[in-house]
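One letter stands for each residue in the lines below.
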Amino acid sequence: MNLNLTNKIFLVTGGDKGIGRGIVKALAVENAIPVIIGKSEIDNKKALETIDNKGFQLVADISKPEECRNAIKKIIERYNCIDGLVNNEGINDAVDLENGNYENYISTLRRNLVQCYLVAHYAVPYLKLSKGAIVNIGSKTVETGQVNTSGYSESNGGRNGLTREWAVELLDYRIRVNAVIVAKCYTHMHNKRTEIFENSGEKLKSITDQIPLEQRMAKIEEIAAMVVFLLSERSGHTTGQIIHVDGGSIYQD
């Protein structure tokens, strides 16, 4: 299916690794121009190399208002347009209720939730011009819990809330806002987590056995395909939706 994304400009936060990089690749396949916003120039450039440098990268800590504002300014100076935004960047914390502390908890909210607001806030004037789209990447932790991730779980609840709020607020501008929820997706980070166990293969199988559809994790490409579809006009009457790409995991939980 031709998604008609040729030469359109899409911001992908955290597009240097994992699911973000998968989204960047999927956009490039559709001949769009991905703009990676990440904290590491080395990682950003590695991601661009995977798409023959048919894009752009910016180093910025988007949890900081001034860096975020400057990043959007540089993108507009280069392209004079923003057609869509993917709020992908985030980090799974280890801040539990009993032993966590205020500073780490607030830091997690800034890095997972506040930065979504900031990027969208500075990008929305240009999305209004393009009648663009926003996709927020979330986690099933908001619906199922995870243990020892208070800030991360709250942030993902906030992302879902912002998805619905922005969808309503931006209706008159024809800006569509949706969320894609990830449960288990086999990324490099997930591989590192299972490798710490003595019987990592058995640990991985114990996880995938609980996933109803095909007893496997989602592929990065499957997450990316949904995101790119939601960015395109092929999903032109879809907004305010929270879509799970999880093999039915949420129902199992």
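Residues numbered from 1 in each chain as written. Predicted model: local features only at pLDDT ≥ 70, side-chain atom pairs only at ≥ 80, totals over all residues. Heavy atoms only, no water.

**Q** If you had to explain the pairing of strand β3 (residues 56-59) to someone new, which residues and values would you point to?
**A** In this structure, strand β2 (residues 33-38) lies alongside β3, joined through four bridges in parallel fashion. Residue pairing across strands places I37 opposite L58, the latter belonging to β3. Taken together, β2, helix α2 (residues 41-49) and β3 constitute a β-α-β crossover, and its handedness is right-handed. (Pairing = 2+ DSSP bridges. Helix = DSSP H or I, 4+ residues; strand = E, 2+ residues; numbered from the N terminus. Right-handed = clockwise from strand over helix to strand, strands pointing away.)

**Q** Quick one: what's the story with unusual backbone geometry, residue by residue and with numbers?
**A** Even without being glycine, D52 reaches a positive phi, approximately 55°. Among the structural elements, D52 can be located in the loop between α2 and β3. Of the residues examined, D52 reaches a relative accessible area of 56% and is grouped as exposed. In this structure, K131 takes a positive phi of about 55° despite not being glycine. Mapped onto the secondary structure, K131 falls in the loop between α4 (102-130) and β5 (133-139). With relative accessibility at 38%, the residue K131 sits in the partly exposed group. (Buried < 20%, exposed > 50% of the residue type's maximum accessible area, 1.4 Å probe, protein only.)

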